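Secondary and tertiary structure notes
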Amino acid sequence: MLVDTGWQTFNKRLQKKWSISMSAVKIGIVGLGRLGKRHAANLRFRVQGAELKAACSIVPEELEWARTELGIAETYIDYDEMLNEAKLDAIFLVSSSSMHAVQSMKALSKGLHVFTEKPMGVNLEECKKVENVVGEHGDQVFFVGFVRRFDPSYSYAKKLIDEGVIGEPFLVRSQTVDLDEYAEFQVDFVPSSGGIFLDCNVHDIDLARWFLGSEVKTVYAKGGSYVHKAFEEVNDADNTIVLTTFEDGKMAVIAASRTAFHGHDTHTEITGSKGILKIGMTPAKNRVEIFDVHGARQECVNDFFERFQEGFLIEAQEFVDCILEGRKPIVSAIDGTKATEVGFAMTDSFKQGREIVLD
Ligand code: NAI
């Protein structure tokens, strides 16, 4: 029997969708930076049923890239101008985190479907405002890019949990770990990203809520700038760990690091009453093992995109499918708010050196 890794389902759905869809979803992408370029290439060349019609960035060179590399004729420096002039069905936000909430609300109010990269907002107040606007536009798709939910291994783990394979899950241990070589330029990102808990751990928070089916009650964060003192100067850290408890007594241990030397090492372990699931514990680049003068070893994935490239494509396809099929995504605006709320509580706990109890 073939084990469904997620790709089989994905491919079957692609074939099915094309047979029912009549016209492509016209999309305008916002942000063509480190991740935006990857999303844009997926939307332009790989996502079925999508037409990447317009692109917006405040960096003129990135718009030039969109015109020459992707053949997108309509490019805009100004987001409002794109909203007013381009004839679009949907907006795909990969702009700086601090822009997500306001740009989401503007697009929703114009009657467009919205995909927003994480985090949905960088503070609780703006997340609540987005939730309200999403509520007022219930017939439009609103999708928060928690890509790990769409990674074949993570979605398979969720399926196993739902089938009861590990009994009742009660403990999640999850980490987001980036290569040290990216640390220096992350310092400049801290003001707009919200810091290490909001930037890195929103994914782990979302996973812990998703796998445990419960809401976070308390967080106790510890950490420091062990390698790069520059993070301390902006009130952030390069390595952190958070003890998290949930309303029903379940637990999570959530960690982040910006100083790995071996590769991008994001992994998650879920313990249940009847078993344990481990996802991506060795961040292997592929299945090749090298036996040489250095010993027996595997090469690692280098960055988040290499690790989650299937997930990024599957989530973009799912966004378009939700629009074409009139379905609601599995990630709601409430999930976006919760992740930001918990990320903020972790940041407060770290800065205040005490446990924070969420309302
Ligand atoms: P970046 O700094 O490389 O790119 C930011 C882009 O936003 C640039 O193209 C810039 O021109 C554009 N932009 C900023 N303000 C704008 C405005 N007012 N109007 C139009 N465009 C504007 O950032 P990067 O690394 O590509 O990250 C973008 C977003 O993606 C962030 O919110 C980040 O949190 C998220 N992200 C998500 C990841 C995931 O695992 N899901 C991984 C990496 C980033």
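Criteria and cut-off values
Residues numbered from 1 in each chain as written. Predicted model: local features only at pLDDT ≥ 70, side-chain atom pairs only at ≥ 80, totals over all residues. Heavy atoms only, no water. Near = heavy atom within 4 Å. Polar contact = N/O pair within 3.5 Å; in protein donor to acceptor, adjacent residues only side chain to side chain. Areas by Shrake-Rupley, 256 points an atom, 1.4 Å probe, with all protein chains shown as cover. Nonpolar A, V, L, I, M, F, W, Y, C, P; charged D, E, K, R; others polar. Domains from an automatic or database assignment. Phe/Tyr/Trp six-rings, centres within 6.5 Å; stacked < 30°, edge-to-face > 60°. Helix = DSSP H or I, 4+ residues; strand = E, 2+ residues; numbered from the N terminus. Buried < 20%, exposed > 50% of the residue type's maximum accessible area, 1.4 Å probe, protein only. Pairing = 2+ DSSP bridges. Right-handed = clockwise from strand over helix to strand, strands pointing away. Axes fitted to C-alpha atoms, helices over the stretch in contact; angles between N-to-C directions. Parallel < 35°, antiparallel > 145°, perpendicular 65-115°, else oblique. Left-handed = near helix turned anticlockwise from the far one by under 90°. Contact = heavy atoms within 4.5 Å. Salt bridge = Lys/Arg side-chain N within 4 Å of Asp/Glu carboxyl O. Core = buried A, V, L, I, M, F, W, Y, C linked by side-chain atoms within 4.5 Å.

Here we take up the site of the ligand. Taken together, 29 residues form the shell around the ligand, and within it Leu32, Ser57, Glu62, Ser97 and His100 come nearest. A distance of 3.2 Å separates an oxygen atom of the ligand from a polar backbone atom of Ser95. With respect to the ligand, the side chain of Glu117 contributes an N or O atom lying 3.0 Å from a nitrogen atom. For the ligand, whose unbound accessible area comes to 860 Å², protein coverage reaches 87%. Tallied by class, residues from the shell around the ligand come to 13 nonpolar, 11 polar and 5 charged. Counting residues domain by domain, the shell around the ligand receives three or more from each of domain 1 (7-146) and domain 2 (149-306 + 330-357).

Moving on to the packing of aromatic side chains. Inspection of every chain in the model, using the stated rule, returns 13 aromatic pairs. Here the aromatic rings of Phe92 and Phe115 are separated by 3.9 Å at their centres, their planes lie at 5°, and the arrangement is stacked. Within this pair, whereas Phe92 is found in strand S4 (residues 90-93), its partner Phe115 is found in strand S5 (residues 113-117), the two being separated by 23 residues in sequence. Across the pair, Phe115 and Phe92 agree in class, each one buried. With a centroid separation of 5.4 Å and an interplanar angle of 85°, the aromatic rings of Phe185 and Phe189 are classed as edge-to-face. Placement of both Phe185 and Phe189 in helix H8 (residues 183-193) is noted, with a separation of 4 residues, approximately one turn of the helix. Owing to a relative accessible area of 33%, Phe185 belongs among the partly exposed residues under this scheme. A relative accessible area of 34% means that Phe189 is categorised as partly exposed. Among the aromatic residues, those joined into a ring-pair cluster are Phe92, Phe115, Phe143, Phe150 and Phe319.

With respect to burial, S5 is a largely interior element, 5 of its 5 residues being buried. Here S5 shows a buried face lined by His113, Phe115 and Glu117 and a second buried face lined by Val114 and Thr116. The sheet contact formed by S4 and S5 spans 4 bridges and is parallel. When the sheet's bridge partners are listed, Ala90 is paired in S5 with His113. Between S4 and its parallel partner S5, the chain crosses via helix H5 (residues 100-109), and the hand of that crossover is right-handed. Pairing geometry for S5 and strand S6 (residues 142-145), over 4 bridges, is parallel. Across the sheet, Glu117 pairs through a bridge with Gly145, a residue of S6. Handedness of the S5-helix H6 (residues 124-136)-S6 crossover: right-handed.

We now examine the packing of H5 against H6. Closest axis-to-axis distance for the H5/H6 pair is 10 Å, and the angle between their directions is 15°. As judged from the angle between their axes, H5 and H6 are roughly parallel. Considering only the axes of H5 and H6, their crossing is left-handed. Where H5 approaches H6, its residues Ala101, Met105, Leu108 and Ser109 are matched on the opposing element by Glu126, Lys129, Val130, Val133 and Val134. Here the contact of H5 with H6 is composed, by residue class, of 6 nonpolar, 1 polar and 2 charged.

As enumerated under the stated definition, the model contains 23 salt bridges in all. Arg209 serves as the salt-bridge partner of Glu215, at 2.8 Å between the closest nitrogen and oxygen. Residue Arg209 is classed as buried on the basis of its relative accessible area of 9%. Notably, a salt bridge pairs Arg297 with Asp292, separated by 2.4 Å at the nearest N-O pair. Assessed through its relative accessible area of 31%, Arg297 is described here as partly exposed. Judged by its relative accessible area of 32%, Asp292 is partly exposed. Overlapping salt bridges, with partners in common, bring together Arg149, Asp206, Arg209, Glu215 and Asp335 in one network.

In this structure, Ile91 and Phe211 are the most contacted members of the largest nonpolar core, which totals 97 residues. A per-element tally of this core places helix H12 (residues 304-325) first, with 11 residues. Residue-level mapping places this core at the junction of two domains, with at least three residues from each of domain 1 (7-146) and domain 2 (149-306 + 330-357).

Let's shift gears to the sheet that holds strand S7 (residues 169-179). Strand order in the open sheet formed by 7 strands is S12-S11-S7-S10-S9-S8-S15, with mixed pairing between adjacent strands. Unpaired on one side and paired on the other, strand S12 (275-279) and strand S15 (356-357) mark the two borders of the sheet. Here helix H10 (residues 202-212) sits on the sheet and contacts S7, strand S9 (239-246), strand S10 (251-260), strand S11 (267-272) and S12; the angle it forms with S7, its principal contact strand, is near 160°.

Glancing now at the sheet that holds strand S2 (residues 50-56). Reading across the sheet, the 6 strands line up as S3-S2-S1-S4-S5-S6 and stay open at both edges, with parallel pairing between neighbours. Strand pairing shows two members of the sheet lacking a second neighbour, strand S3 (74-76) and S6, which therefore form its edges. Adjacent strand axes in the sheet meet at a mean angle of 25° when their direction is disregarded. Relative to S2, strand S1 (residues 25-30) is paired through 6 bridges, and the arrangement is parallel. Note on S2: the bridge partner recorded for Lys26 is Glu51. On top of the sheet, H5 reaches S1, S4, S5 and S6; it is set at about 170° to S5, its chief contact.

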